[in-house]
Amino acid sequence: MCDTCGCNLTPGNKHLAFKPVAKGATAVSVLKGLLAKNDDQAAHNREHFDKRGILAINLMSSPGSGKTALLEATLVALKDEFTCAVIEGDLETENDAERIRAKGVQAHQIVTGTACHLDAHLVHDALHHMALDGVDILFIENVGNLVCPASFDLGQHLNVTLLSVTEGDDKPAKYPVMFRAADAMLLTKTDLLAVLDDFDPDKAEAHLRNLANPAPVMRLSARKELNMEAWYAWLREQLATQLARVAQGQSRRPKIHALEFDRTVKILNVCGGHERSITHAGLRGALPKWIELVPGPGCPVCVCPEEVVYQAMQLALQDRCILVAFGDMLRVPVNVKKGEVRSLAEAQAAGADIRPIASPLDARKIALDNPERPVVFFAAGFETTTAPVAAMLAEGIPTNLSILLSGRLTWPAVAMLLDSGTPGFDALVAPGHVSTIMGPEEWSFVVDRHEIPAAVAGFGTESLLASFYSVLRQLKTGERFLDNCYREVAHPGGNPTARRMLEQTLDVVDANWRGIGIIPNSGYALKPAFAKHDALLLYPDHSDPTRRRAGEMPPGCDCAQVVLGKIYPNQCRIYGLACTPRNPVGPCMVSDEGACRIWWAGGVRVVADA
Ligand code: SF4
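What you are looking at is a predicted structure, and each value in this text was computed from that prediction instead of being measured.

A. How the structure looks around the overall build of the protein. For the protein, the helix and strand inventory stands at 25 helices and 18 strands. Radius of gyration (C-alpha) of the protein: 28 Å, near the 25 Å computed for a compact globule of 610 residues. A total of 610 residues make up the protein; the buried ones form 56% of that total. Long-range contacts, defined here as pairs at least 24 residues apart, represent 74% of the contacts in the protein between residues at least 6 apart. For the protein, the accessible area works out to roughly 25,200 Å², and carbon and sulfur atoms hold 53% of it. Distance between charge centres in the protein, computed from 60 positive and 70 negative side chains, equals 5 Å.

Right, here's the structure in full:
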């Protein structure tokens with residue numbers, strides 16, 4: 001579906017949506033299929049344009065920013081130089097196309113009905129109603145909307161985004177997807193600046209730069225013909241570039257491809273959600289070969305110490321507690337002799353009362369429903385999972401509920417890699433979900449202390465691609481700053497309430513990461529005030545000094561190397577052989593956030609050399 005607001009259907013593609021779908025297809029898979037078909041159609045449209053040497057420009061803005069007025073002035077000014085044509089998109093009426101035709105220029109009106117954006121199918125249909133031979137520039141005036149049009153490739157070569165001075169100068173910050181996509185930003189109606197005191201063009205440009213977008217910004221007024229020459233000069237330059245490209249048999253390449261490095265650039269992510277989006281969207285295959293996307297320490301289940309998993313099993317088996325845990329912890333194997341119980345799932349099968357939960361609220365409910373029984377919540381997670389645990393402690397926890405905590409902070413693992421002197425990556429994509437809690441600025445040290453480009457990204461592919469582009473551009477230009485490509489959710493300072501609860505209830509301590517060792521200040525522990533809810537203090541220590549490989553990885557397992565981004569999952573010697581999701585050997589093949597499981601689920605079946 002549209003990555004931004006979820007809309008998708010237009011009069012141009014609804015015939016695809018209402019075709020019979022494969023048995024078992026979900027709404028999401030059908031809508032994803034629509035977007036893929038849109039991209040195919042867009043590529044086809046671009047071929048049409050390139051074959052004829054046409055430069056196609058997609059004009060986007062909110063309603064009333066002056067797109068049609070800009071076109072009217074441009075078409076008149078350039079009429080002796082170029083042959084132009086226009087596609088107009090509106091929910092209703094032929095008004096804008098008639099205004100263009102009144103200037104003696106070919107125009108086709110697309111009436112979208114309820115659809116808030118154009119798509120490639122609509123544009124393709126329009127092209128069949130137009131005489132394209134001899135056209136130099138095709139302007140596509142998209143539906144007035146600052147959200148969805150940026151998500152749909154129409155086959156254009158360039159995006160031009162208009163921002164009128166009657167709108168807020170912070171629009172680029174509020175609508176980052178739209179303004180990140182802009183190849184040029186036009187500040188329109190600037191003649192009104194004299195009577196407006198609440199729009200600062202410098203601020204608008206600064207907001208655009210904050211999105212790591214280097215696009216030119218032109219301040220103009222179409223009606224008063226102010227500074228229009230800069231816009232015309234830009235159009236001439238872009239058409240010349242397009243004709244040169246076409247002469248060489250090339251088409252316009254996506255921005256990331258156009259950067260071009262003559263060496264491998266490694267971009268580390270530290271979030272299982274990022275890795276899942278990258279793998280399932282096929283981003284590795286879509287990006288140039290010189291970019292390596294490296295999965296790093298992004299799976300809290302994978303780094304939960306083996307001896308803590310063993311302890312959790314014993315609490316359920318020996319101390320007869322009700323043990324509750326997030327589902328992906330249940331199949332993590334521990335090191336025991338063949339034939340012995342080796343995971344929480346096997347302990348459950350052996351009669352222990354172990355219950356999977358989806359949230360701390362479930363743990364609370366189970367404790368309240370079983371007041372006569374001790375309940376232990378085995379909580380393994382990063383900041384986002386630990387914050388709700390802190391909230392439960394702060395707001396009052398049932399007396400029979402205790403916490404076996406394996407909470408971890410993400411940034412110290414990255415700091416450890418950077419301090420090692422051989423970090424193994426050139427740029428960092430920082431986790432957006434952690435930043436929503438802790439604030440994006442927590443990652444500033446990557447840039448400030450290590451001069452490594454960094455960008456915060458959300459789970460969506462648009463946000464991820466924006467973060468890749470940002471860090472690559474920083475590497476290219478030598479600039480260094482922490483970019484935030486998830487501004488709509490990750491705000492400075494994070495979530496103050498969640499942070500306060502974390503500070504009230506938990507201490508930050510040195511912590512053990514499975515297979516890696518102690519990382520300073522990387523773990524959470526319950527404060528002494530909550531000792532009577534700390535399962536580590538309440539129950540006997542079941543660690544067994546005779547247990548072989550206690551605390552270690554299983555034989556042959558390279559999970560620690562995978563977690564640190566030192567090797568790729570399929571470089572593990574037993575990936576897909578002894579270790580599969582059905583028979584996992586290491587934790588990275590168990591959790592939905594484990595890189596090995598994600599790669600396997602993403603169809604990676606080829607084992608690679610380390
Ligand atoms: S394939 Fe299995 S054993 Fe190897 S690193 Fe991945 S999870 Fe660990």
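Let's pick the thread back up.
B. Geometry of the site of the ligand. Cys557, Asp558, Cys559, Val562, Cys572, Ile574, Tyr575, Cys579, Gly586, Cys588, Met589 and Cys596 make up every residue found near the ligand. Classifying every residue of the shell around the ligand gives 10 nonpolar, one polar and one charged.

C. How the structure looks around the state of the cysteines. By the definition in use, this model includes one disulfide. Put simply, cysteine 299 and cysteine 302 are joined by a disulfide, and their sulfur atoms are 2.2 Å apart. Linking cysteine 299 and cysteine 302, the disulfide has an S-S dihedral of approximately 80° and is accordingly described as right-handed. Comparing cysteine 299 with cysteine 302 shows no difference in burial state: the two are buried.

D. Quick look at the domain arrangement of the protein. Each assigned domain of the protein is listed here: domain 1 (14-252), domain 2 (257-299 + 413-485) and domain 3 (301-409 + 496-541). The distance between the C-alpha centroids of domain 2 and domain 3 comes to 30 Å. Taken together, the contact pairs 11 residues of domain 2 with 14 residues of domain 3. Counting the surface domain 2 buries against domain 3, the share from its top three residues, Cys299, Ile437 and Met438, is 54%. At the boundary of domain 2 and domain 3, one finds four residue pairs in polar contact (both at pLDDT 80 or more). Residue assignment for the side of domain 2 that touches domain 3 shows that the elements contributing at least two residues are helix H18 (411-419) and helix H19 (432-438). Of all the elements, H19 adds the most residues to the side of domain 2 that touches domain 3, at four residues.

E. Highlighting the environment of arginine 219. Following the sequence through the fold, arginine 219 ends up in strand S7 (residues 217-219). Residue arginine 219 is classed as partly exposed on the basis of its relative accessible area of 31%. Arginine 219 sits 28 residues away from aspartate 191 along the chain, and the two C-alpha atoms are 9.6 Å apart. What arginine 219 contacts, discounting residues up to four positions off in sequence, is Leu187, Thr190, Pro201, Asp202, Glu205, Leu226 and Asn227. Separated by 2.8 Å, the side chains of arginine 219 and aspartate 202 make a polar contact.

F. Focus on the sheet that holds S7. Strand order in this open sheet of seven strands is S3-S2-S4-S1-S5-S6-S7, and the pairing throughout is parallel. With one partner strand each, in any of the chains shown, strand S3 (106-111) and S7 form the two edges of the open sheet. Across this sheet, the average inter-strand angle for adjacent strands is 20°, counted without regard to direction. Sheet topology places strand S2 (residues 84-90) next to strand S4 (residues 137-141); five bridges connect them, and they run parallel. Bridge pairing links cysteine 84 to isoleucine 137 in S4. Packed onto the sheet, helix H8 (residues 201-210) meets strand S5 (158-164), strand S6 (184-188) and S7 and runs at close to 165° relative to S7.

G. Just the pattern of salt bridges, in detail. Summed over the entire model, instances satisfying the criterion amount to 23 salt bridges. Here glutamate 167 ties to lysine 171 by a salt bridge, and the two come within 3.0 Å at their closest N and O atoms. Looking at glutamate 167, the relative accessible area reads 12%, which means it is buried. On the accessibility criterion, lysine 171 (16% relative accessible area) is buried. Across the pair aspartate 353 and arginine 355 runs a salt bridge, and its minimum N-O distance is 2.9 Å. A single network of salt bridges, built from pairs that share partners, joins Asp202, Glu205, Arg209 and Arg219.

H. View of the pairing of strand S16 (residues 482-485). Here four bridges tie strand S15 (residues 454-457) to S16, and the two strands are oriented parallel to one another. Each bridged residue has a counterpart across the sheet, and for alanine 454 the counterpart in S16 is leucine 482. Since S15 and S16 lie parallel, the crossover through helix H21 (residues 461-477) that links them has a hand, and here it is left-handed.

I. Inspection of the side chain of glutamine 571 at higher detail. Position of glutamine 571 relative to the elements: it lies in the loop between helix H24 (559-563) and helix H25 (595-601). At a separation of 2.7 Å, a polar atom in the side chain of glutamine 571 contacts the main-chain amide nitrogen of tyrosine 568.

J. Representation of the confidence of the model for the protein within the structure. Scored by pLDDT, the protein comes out at a mean of 91, with 94% of its residues at no less than 70. Every residue in residues 20-31 scores below 50 in pLDDT, and together they form five contacts with partners more than four places removed in sequence or on other chains.

K. Fine view of the environment of asparagine 583. With respect to the helices, strands and loops of the structure, asparagine 583 is situated in the loop between H24 and H25. A C-alpha to C-alpha distance of 62 Å links asparagine 583 and threonine 68, two positions 515 residues apart in sequence. Discounting chain neighbours no more than four positions away, the residues touching asparagine 583 are Arg331 and Ala578.

L. The nonpolar core, seen in detail. If you look at the biggest cluster of nonpolar residues, it comprises 74 residues, and the most contacted ones within it are Leu323, Met329, Leu344, Phe378, Val414, Leu428 and Val446. The element that contributes the greatest number of residues to this core is helix H14 (residues 306-317), accounting for seven residues. Shared between two domains, this core holds at least three residues of each, these being domain 2 (257-299 + 413-485) and domain 3 (301-409 + 496-541). Those residues in contact with phenylalanine 378 that lie beyond four places of it in its chain are Cys304, Val308, Val309, Ala312, Leu323, Val324, Ala325, Phe326, Met329, Leu344 and Leu404.

M. Quick look at the packing of aromatic side chains. According to the stated counting rule, one finds eight aromatic pairs in the structure shown. Between tryptophan 231 and tryptophan 234, the aromatic rings sit 5.8 Å apart at their centres with planes inclined by 15°, giving stacked as the arrangement. A residue pair is termed a helical-turn pair when its members lie 3 or 4 positions apart in one helix, as tryptophan 231 and tryptophan 234 do in helix H9 (residues 228-247) at three residues. The burial state of tryptophan 231 is the same as that of tryptophan 234; both residues are buried.

N. Layout of the packing of helix H17 (residues 383-395) against helix H22 (residues 496-505). Relative orientation of the contacting elements H17 and H22 amounts to 65°, with a least axis distance of 8 Å. In terms of their interaxial angle, H17 and H22 are classed as roughly perpendicular. Between H17 and H22 lies a crossing whose hand is left-handed. For the pair H17 and H22, the contacting residues are Thr386, Ala387, Ala390, Ala391, Leu393, Ala394 and Glu395 in the first and Ala498, Met501, Leu502, Gln504 and Thr505 in the second. Tallied by class, residues from the contact of H17 with H22 come to eight nonpolar, three polar and one charged.

Calculation rules
Residues numbered from 1 in each chain as written. Predicted model: local features only at pLDDT ≥ 70, side-chain atom pairs only at ≥ 80, totals over all residues. Heavy atoms only, no water. Helix = DSSP H or I, 4+ residues; strand = E, 2+ residues; numbered from the N terminus. Rg over C-alpha atoms; globule rule 2.2 N^0.38 Å. Buried < 20%, exposed > 50% of the residue type's maximum accessible area, 1.4 Å probe, protein only. Contact = heavy atoms within 4.5 Å. Areas by Shrake-Rupley, 256 points an atom, 1.4 Å probe, with all protein chains shown as cover. Lys, Arg positive; Asp, Glu negative; His and termini not counted. Charge placed at Lys NZ, Arg CZ, Asp CG, Glu CD. Near = heavy atom within 4 Å. Nonpolar A, V, L, I, M, F, W, Y, C, P; charged D, E, K, R; others polar. Disulfide = S-S within 2.5 Å. Domains from an automatic or database assignment. Buried area = accessible area lost by both parts, 1.4 Å probe. Polar contact = N/O pair within 3.5 Å; in protein donor to acceptor, adjacent residues only side chain to side chain. Pairing = 2+ DSSP bridges. Axes fitted to C-alpha atoms, helices over the stretch in contact; angles between N-to-C directions. Salt bridge = Lys/Arg side-chain N within 4 Å of Asp/Glu carboxyl O. Right-handed = clockwise from strand over helix to strand, strands pointing away. pLDDT = per-residue confidence, 0-100. Core = buried A, V, L, I, M, F, W, Y, C linked by side-chain atoms within 4.5 Å. Phe/Tyr/Trp six-rings, centres within 6.5 Å; stacked < 30°, edge-to-face > 60°. Parallel < 35°, antiparallel > 145°, perpendicular 65-115°, else oblique. Left-handed = near helix turned anticlockwise from the far one by under 90°.

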